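# Report on the structure
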Amino acid sequence: MGVELAHHFNGEVQEMEDVNFSDSELVYHVRDALISVQSGDSDSYHQLVGVMHHSQRLAPDEVALLVTSLKALSGAVSYIDNVHHDSLLNSIFGMSMWNYGPDVMDALLELIISLAASNGKYIDSCLDMLVGNFMPPMYFVDALKQPRGQKKKEQVLSRVHTALEDIATLVPMAALRLSSIVVHRMPTTFFKKSLEKDRLKYRTEIYMENMLRLESGSIREFVGSRMLMAVVDMLIELDLEDMDDIAAGDDDGDEEIDNGELPATLSQRSLGKNIVADLLDSMMVQVFEHLEFCANNKRLSEVFETLLDSFMLTILDTYKSKFAQFVMFYACALDPENCGVKFATMLVDRFVFGDNPLTRMSAVAYLASYLARAKFLSTAFVASMLKRLVDWCLEYCKTQDGDVNPKAHRVFYSGCQAIMYVLCFCMRSIVDVPWLKSQLLLMPIERILKHKLGPLKVCLPSIVEEFLKQAKAARLFTPSETFMFEDLLESDFSRDFGGLERLDMFFPFDPCLLKKSDRNFIRPNFVYWKHVRTSYGSDDEDSSDEDINEDFVTMNEDNFMEEGMARSPDEQHLDLDEFDHAMNKMSITPKNGLNYRFGGDKMQMPSRIRPSTSPESL
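Residues numbered from 1 in each chain as written. Predicted model: local features only at pLDDT ≥ 70, side-chain atom pairs only at ≥ 80, totals over all residues. Heavy atoms only, no water.

## With respect to the packing of aromatic side chains
What the rule picks out here adds up to 27 aromatic pairs. Centroid distance F288 to F521: 5.1 Å. Interplanar angle 40°. Geometry classified as tilted. In this pair, F288 sits in helix 14 (residues 275–296) while F521 sits in helix 26 (residues 515–522), placing the two residues 233 residues apart along the sequence. A single burial state applies to F288 and to F521, both of which are buried. Members of the aromatic cluster, joined through ring pairs, are F311, F326, F329, F343, Y366, Y370, F376, F509, F526 and Y528. In this structure, R360 packs its charged tip against the face of F351, placed 5.8 Å from the ring centre. (Phe/Tyr/Trp six-rings, centres within 6.5 Å; stacked < 30°, edge-to-face > 60°. Helix = DSSP H or I, 4+ residues; strand = E, 2+ residues; numbered from the N terminus. Buried < 20%, exposed > 50% of the residue type's maximum accessible area, 1.4 Å probe, protein only. Lys NZ or Arg CZ within 6 Å of the ring centre and 35° of its normal.)

Rendered as structure tokens:
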């Protein structure tokens, strides 16, 4: 019916063209078609609606008819009524720009902008139509992998964002409505069982690209913060997916999950085969590149404030988050003097002055992991943060006269564990600087750790053992009693103070297992346990033991981190797969902490804290 009606309407337009009707006269003809509906004569109106249904593989005369009709409607928008012309509006708002060439796209957007400016009741529909064009139709996704598909993508998206900016200029309130519409239309990430999951993944990536484009565009003043926070929410939603279950369905059996090392976290290669992990990796890369763009345009400080707010609201208390927090880490790496310092200061303030015990414990866990892992932070700054933790713990000790009680004093124990954890990574670098060593020796760490509250008995044995080993070598602290750890990963005390959330085992900046994110962004800024110079190690001695030597048999162990950044990407790539395999073994964080959280069997810690069994993320 629509094609037949369109044929009649085409005939009418052809007749008008034969007698050289002006543009204004074409508008009058369309206006009359709109008005006639109210008097019961709807033939011309239905013919007009039929033209709007033309979409794919249009002949040149059909393209001309559609462009003419859209332009005529733009001149007659004041006569469009949402009650009498509902079918016409539905046809217009249902049009996908991905189906048309530039001429039709331009005419359609002219009409959409005119509708939005003519009547406030059309604003949401116009914005929704434009946001709907953020993603291509499912059938078009494969074409985007070709140059012609990329060209079409840029043709569509550049016009969509220009139209959004024009509408926001003409109708200022539209910018406020746009944020809600974009967030509402965010694609769901729960598509792991879908047969179209690869296409859905690509569409999701494009949608995030558009959100970040809005964040940096001319209307960012109105939508930027909301877009960035919504992007972080998308990352967290993916981060919290059960990747074990997903991998079980996607793994082809060639790669195995390292059950002995990561009982509740996938290995890098398993994650790489997983559609959700791959999507999260790609989205993280988009965010990292956006942060670089902001830094290059002197906007990082502005964006960082939004990220900091988002972190406090959503990430800080999300204890199962494994990757989303690296957005903060990389933002800090781009501007250590400002963003890097501000992040650490916020964390220590939340620990010292906070009210909620779990939030305070989470904050100090983030602080410890950040100070230990951030290569871009100065040793002096790390020492200053340590001093604030020590000062708080000392004041707490002065108010307490009881004995060991993991649940009652869990905030205190989390602070003590943070101090020891940071010193496991940084003690050697601190004592190598005479004035920093003097500051460290003046800190009352011994008085705190020997208090009747017994932090050495409560904190994770794996961390306590490594700390005592280094403290003894540096002549910082010698315990008055002998501790027999018996290869324990954890103790009943540590489980008690960690609570159900197992915050005693929460080390949120342990090595990132997302390949592209790690290789291209995180790794150059990250401290791995393998490369830590301990206070008991000699200058020419590598801190790893025999297992790591075997993993790195083809690599120069002593100079990888220093030389790696100086070599070409191709040269670095030759070593990356071997490096990835060993990176899962490089921390002092208890690897099997989540066994308790998810019901696994208890695993034993070896007598030495080795990189292969060290705290790698929960």
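Let us keep going from here.
## Re unusual backbone geometry
Backbone geometry places K298, a non-glycine residue, at a positive phi of 60°. Looking at the element boundaries, K298 is found in the loop between helix 14 and helix 15 (300–315). Of note in the backbone geometry, R475 takes a positive phi value of approximately 55° without being a glycine. Looking at the secondary structure, you find R475 in the loop between helix 24 (461–473) and helix 25 (492–498). Owing to a relative accessible area of 78%, R475 belongs among the exposed residues under this scheme.

## Quick word on the pattern of salt bridges
This model, assessed by the stated rule, comprises 22 salt bridges. Two residues, D432 and R533, come together in a salt bridge whose shortest N-O distance is 2.9 Å. Residue D432 is found in the loop between helix 20 (410–431) and helix 21 (434–442), and its partner R533 is found in the loop between helix 26 and helix 27 (546–551); the two are separated by 101 residues along the sequence. By relative accessible area, which is 40% here, D432 ends up partly exposed. (Salt bridge = Lys/Arg side-chain N within 4 Å of Asp/Glu carboxyl O.)

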